Amino acid sequence: HSFYKHTGTALTKHMEITDTGAITTPAQPAFVASTTSSLDITTKTIIPYNSNLYDRATNFNTANHRFTAPVTGLYTFTTYHWHKSGTGGTTHLYLYLNGSVNFEYRNTRASSSHNEYNRVGFTTTLAMSVNDYVHVEGSGASGGQLHTSAGVAYSHFSGYLIG
């Protein structure tokens, strides 16, 4: 069974229940964005997610690196990057909601002699209203460097509406 909404000129499928009982919601907002360049970040800065790999409802803006909520609800967001090899200290990732820090993740390494990149990131859920927006910032401290790499396999930001 499929459930449609008439949008004036066309019908849009909003939900489908398959014969096996699977429920899909093809109009549900969801995105995956990645960086197209490698950066070593020490000063707090907006991470430039400038490649939209997937944006179901076109709510992620690659010019300002923000996701804007098209509907009120609970959203889950995930981002992953690297603590640069050869650096100790701390790296930070921040999720901003409407220009204010909503969530912070820190990763600390005692020694700069570590010659591997460590994966750093987070997943979190938050309530958003229509037109609320989120973006990610990163930084390093005490010698730590947050590293972004080109491509979704290395550095990305994703999110979707839970309900």
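Residues numbered from 1 in each chain as written. Predicted model: local features only at pLDDT ≥ 70, side-chain atom pairs only at ≥ 80, totals over all residues. Heavy atoms only, no water.

Some remarks on the packing of aromatic side chains
Enumeration according to the criterion identifies 13 aromatic pairs in this entry. Between Tyr49 and Phe157, the aromatic rings sit 5.3 Å apart at their centres with planes inclined by 35°, giving tilted as the arrangement. Taken as a pair, Tyr49 in the loop between strand 6 (45–46) and strand 7 (51–55) and Phe157 in strand 16 (residues 156–161) lie far apart in primary sequence, 108 residues in all. Taking 6.2 Å as the distance between ring centres and 15° as the angle between the ring planes, the aromatic pair formed by Tyr75 and Phe77 counts as stacked. Above the face of the Tyr133 ring, Arg66 is positioned so that its terminal group lies 3.9 Å from the ring centre. Over the aromatic face of Trp82 sits the side chain of Arg119, whose NZ or CZ is 4.7 Å from the ring centroid. (Phe/Tyr/Trp six-rings, centres within 6.5 Å; stacked < 30°, edge-to-face > 60°. Helix = DSSP H or I, 4+ residues; strand = E, 2+ residues; numbered from the N terminus. Lys NZ or Arg CZ within 6 Å of the ring centre and 35° of its normal.)

Quick word on the pairing of strand 10 (residues 73–83)
Most of strand 10 sits inside the fold, with nine of its 11 residues counted as buried. Where strand 10 and strand 13 (residues 118–128) come together, 11 bridges link them in antiparallel fashion. The residue of strand 13 that forms the bridge with Phe77 is Thr124. Relative to strand 16, strand 10 is paired through six bridges, and the arrangement is antiparallel. Counterpart to Thr76 in the pairing with strand 16 is Tyr160. Judged from the two bridges that link them, strand 10 and strand 15 (residues 146–148) form a sheet pairing that is antiparallel. (Buried < 20%, exposed > 50% of the residue type's maximum accessible area, 1.4 Å probe, protein only. Pairing = 2+ DSSP bridges.)

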